[in-house]
Amino acid sequence: MAPRNRKKRIGDMLIDEHMITEEQLAQALPIAQESQKKIGEVLVELGFVTEEGIANALSRQLGIDVVTLNGAKIDEDLLKLVSGTLLRKHTMIPFEYARDNLNVVHVAMADPMDMTAIDDFAIVSNMQVEPVIATTREIMMALDKYYGDSETMMAAERYAKEREMAEQAQQNQAANEDVNSSPIVQLVKSIIEQGARQRASDIHIEALEKIVRVRYRIDGALFERFTYDIHLLPAIIARIKILGGMDIAEKRKPQDGRITMMIDRREFDIRVSVLPTVFGEKCVMRLAQKNNLTKDKSELGLSEQDMAEFDDILKNPHGMILVTGPTGSGKSTTLYTALHELNNEEVNIITVEDPVEANIDGVNQVQVNPKANLTFGTALRSILRQDPDIIMIGEIRDAETAEIAVQASITGHLVVSTLHTNSAAGTLTRLMDMGVESYLLADSMVGVIAQRLVRRLCPACKKQVEATEEEKAILEITGDEPVQLYRPCGCPQCGNTGYIDRIGIYEIMRITPEVREAISHRKSTQEIARVALEQGMSTLQSNARKLVREGITSVAEMMRATYENE
């Protein structure tokens, strides 16, 4: 379909569609000229409009279809028409041949009025171009999917050739000299960008005997993505050390660093850890989006009952609220969501964290620094002199922190923190084992939230099956009637994993008078749990079973997340 209004500018079209005002366009134009970015990109960065909004507005104004690239399969012949470099330059990707004419290619573009891009594609491919519209993010993800492997391999090969041609006195010297060379810079940048676009929470760069292996942790599971020659390892690690502000010459000791990077107009905070291993240094990068930790509470995955319990706990003006679970179970997200809910100009909120994972407007955040003797304990003592209403402690790690937290909660402050335990009831006995007096703990606690994350089944490919007798037993289903469940399959949309994204399961224990009495009498974990269940607490297992019955997750995921509690 040929575009209409080719001479009309994107800004004017968005005004016609009442998506932006003339004042907003006037604000964005000088920024676009100065930064040499497209006006649509600047409008999205300023928050005036979304990528999807621009795509739909252009579609209506130009009479061009909007396409979804997520999960689409693109023909190999199309991918060979032009290089990935040219497509990235113009944010475009060939999508399909026209049905009635194989000399015409439908090309997904973020800006279908970019005549330079259309001409460049037509000249290189010797084909006619018919533009369709897609968002920038979808195009970049498709380019990563179809051209990412070849681009990173080309960068690796270019580096290998440069390395062979140069006569090197020592391997260390070679790595230091070549660490800023273009291929390695591009290779590391590409590894991080592709990880971010594939929703990876961690990127592992590992030294094996003969190869460097790159794996992404997506929705809690590791997947191998690339392998390179082992000779590239020193330069890759050195480049990451430079980005993370670490000592490039130190290879015998573990090091930690931090990188801030913009990827597709989203700011990522990347924590880097480098560890010496037998075959070379291993690097793990943890990716966190700056605004991803502060979710709305409705996005956490709480059931109606759990949401009511959550709200009830947060209404307490003082006392202690604990969020528990293993590493990577979403505790930080729940804590930040709670703070976001409590944050207003009438209260003074102070946090002590190691490290500060996300910045929250209006909250005073303190970063632990052991070198300056700023530990959780010393920071908390100082905070209590800062007239706080709410104190957030990143993690209760020792008896000193536990004791100060309990004292603060008893003296009129609301204290929220995390602890590594397997269940809500186990948290209370752990604190008593750390030396907190049972009567103080009973007086201070207002609620405990234990949580896990389970992977959501991909809605595009999940398969309905009849539950086996074993699965019925796990789900505590009695009777002979057939029960329908869902299992993962795998498709392009979910990267052939069968799962896409994760959802929280929760065990929320309100400290009722009966539970308080059990704590003050130093009852066992099992006894406290029994009393809490009598008071209406819903366990991790029961909440996970509901998600399985609803087709949101699988029995295998439920067992993986809650096995230790069975």
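Residues numbered from 1 in each chain as written. Predicted model: local features only at pLDDT ≥ 70, side-chain atom pairs only at ≥ 80, totals over all residues. Heavy atoms only, no water.

J.: Break down the overall build of the chain for me, with residues and values.
T.: Helices and strands together make up the secondary structure of the chain, namely 22 helices and 18 strands. Taking 2.2 N^0.38 as the reference for a compact globule, 566 residues should give roughly 24 Å; the C-alpha atoms of the chain span a radius of gyration of 27 Å, in line with that estimate. Along the three orthogonal principal directions, the C-alpha set of the chain runs to about 80 × 65 × 55 Å. Relative to its full complement of 566 residues, the chain shows a buried share of 51%. Nonlocal contacts in the chain, meaning residues at least 24 apart in sequence, comprise 63% of its contacts between residues at least 6 apart. When the accessible area of the chain is evaluated, it comes to approximately 27,400 Å², of which 47% is carbon and sulfur surface. (Helix = DSSP H or I, 4+ residues; strand = E, 2+ residues; numbered from the N terminus. Rg over C-alpha atoms; globule rule 2.2 N^0.38 Å. Buried < 20%, exposed > 50% of the residue type's maximum accessible area, 1.4 Å probe, protein only. Contact = heavy atoms within 4.5 Å. Areas by Shrake-Rupley, 256 points an atom, 1.4 Å probe, with all protein chains shown as cover.)

J.: Let's hear about helix α15 (residues 399-410): which residues, and what values?
T.: The end-to-end C-alpha distance of α15 is 17 Å, a good match for the 16 Å that 12 residues give at a rise of 1.5 Å each. On its buried face, α15 is in contact with β10 (319-324), α14 (376-383), β13 (390-393), β14 (414-419), α16 (424-433) and α17 (438-444). Backbone nitrogen of E400 and a side-chain oxygen of the N-cap are separated by 3.3 Å at the start of α15; the cap is D398. Following α15 by one or two positions, G412 adopts a phi angle in the positive range, close to 100°. (Expected span 1.5 Å × (residues − 1). Polar contact = N/O pair within 3.5 Å; in protein donor to acceptor, adjacent residues only side chain to side chain.)

J.: Explain the packing of helix α19 (residues 513-520) against helix α20 (residues 525-534) to me, and be specific about the residues and the numbers.
T.: Two elements in contact, α19 and α20, have axes separated by 9 Å at closest approach and are oriented at 170°. Classified by the angle between their axes, α19 and α20 sit roughly antiparallel to one another. From α19, E514, V515, A518 and I519 reach across to α20, where they touch I528, V531 and A532. Classifying every residue of the contact of α19 with α20 by side-chain character gives six nonpolar, no polar and one charged. (Axes fitted to C-alpha atoms, helices over the stretch in contact; angles between N-to-C directions. Parallel < 35°, antiparallel > 145°, perpendicular 65-115°, else oblique. Nonpolar A, V, L, I, M, F, W, Y, C, P; charged D, E, K, R; others polar.)

J.: Give a detailed account of the pairing of strand β6 (residues 221-229), specifying residues and quantitative values.
T.: Where strand β5 (residues 211-218) lies against β6, eight bridges are found, and the strand directions are antiparallel. Pairing of R215 across the sheet is with E224, part of β6. (Pairing = 2+ DSSP bridges.)

J.: Lay out unusual backbone geometry in plain terms, naming residues and giving numbers.
T.: Unlike most non-glycine residues, T91 shows phi in positive territory, near 50°. Relative to the assigned elements, T91 resides in the loop between α6 (84-90) and β1 (92-98). Backbone geometry places E476, a non-glycine residue, at a positive phi of 55°.

J.: Can you break down the sheet that holds β5 residue by residue, with the values?
T.: If you trace the six strands from one edge of the open sheet to the other, you get β6-β5-β4-β9-β8-β7, paired in antiparallel fashion. Whereas interior strands pair on both sides, the edge strands pair on one side only; in this sheet they are β6 and β7 (255-263). Strand-to-strand twist of the sheet, defined as the mean angle between neighbouring strand axes without regard to direction, takes the value 20°. Here strand β8 (residues 266-277) pairs with strand β9 (residues 280-289) via 10 bridges, running antiparallel. Residue pairing across strands places F268 opposite Q289, the latter belonging to β9. In the packing of helix α10 (residues 182-197) onto the sheet, the strands contacted are β4 (200-207), β5, β6, β7, β8 and β9, and the crossing angle to β7 comes to about 70°. On the sheet, helix α11 (residues 233-243) packs against β4, β5, β6, β7, β8 and β9 and is oriented at approximately 40° with respect to β9.

J.: So what about the sheet that holds β1? Which residues, and what values?
T.: A sheet is described by the order of its strands in space; here three strands give the open sequence β1-β2-β3, paired in mixed fashion. Edge positions in the open sheet fall to β1 and β3 (128-133), since each of these has one partner strand only. When strand polarity is set aside, the average angle formed by the axes of neighbouring strands in this sheet is 35°. Those strands touched by helix α7 (residues 115-125) are β1, β2 (101-109) and β3, and its axis lies near 135° from that of β3.

J.: Summarise the pattern of salt bridges; cite the residues concerned and give the values.
T.: Tallying each qualifying case throughout the model produces 29 salt bridges. In this structure, the salt-bridge partner of K38 is D114, at a minimum N-O distance of 3.1 Å. Of this pair, K38 sits in the loop between α2 (22-35) and α3 (39-45) while D114 sits in the loop between β2 and α7, and the two are 76 residues apart along the sequence. Residue R286 pairs with D202 through a salt bridge whose shortest N-O separation is 3.0 Å. A residue pair is termed long-range when its members are at least 10 positions apart, and R286 in strand β9 and D202 in strand β4 qualify at 84 residues. Relative accessible area serves as the criterion here: at 4%, D202 is assigned to the buried category. (Salt bridge = Lys/Arg side-chain N within 4 Å of Asp/Glu carboxyl O.)

J.: Residues and numbers for the nonpolar core, please.
T.: Core analysis: the largest hydrophobic core is formed by 40 residues, its most contacted members being M320, I396, L431, L441, M509, I519 and I528. Discounting chain neighbours no more than four positions away, the residues touching L431 are M320, L322, I396, A402, L419, V436 and L441. Of all hydrophobic cores here, the second largest spans 34 residues; its members include I191, Y228, A235 and M246. (Core = buried A, V, L, I, M, F, W, Y, C linked by side-chain atoms within 4.5 Å.)

J.: Account for the environment of H521, naming residues and giving values.
T.: Take H521: it is sitting in the loop between α19 and α20. Judged by relative accessible area, H521 falls into the exposed class, the value being 51%. In sequence terms H521 and A442 are 79 residues apart; their C-alpha atoms lie 9.1 Å from each other.

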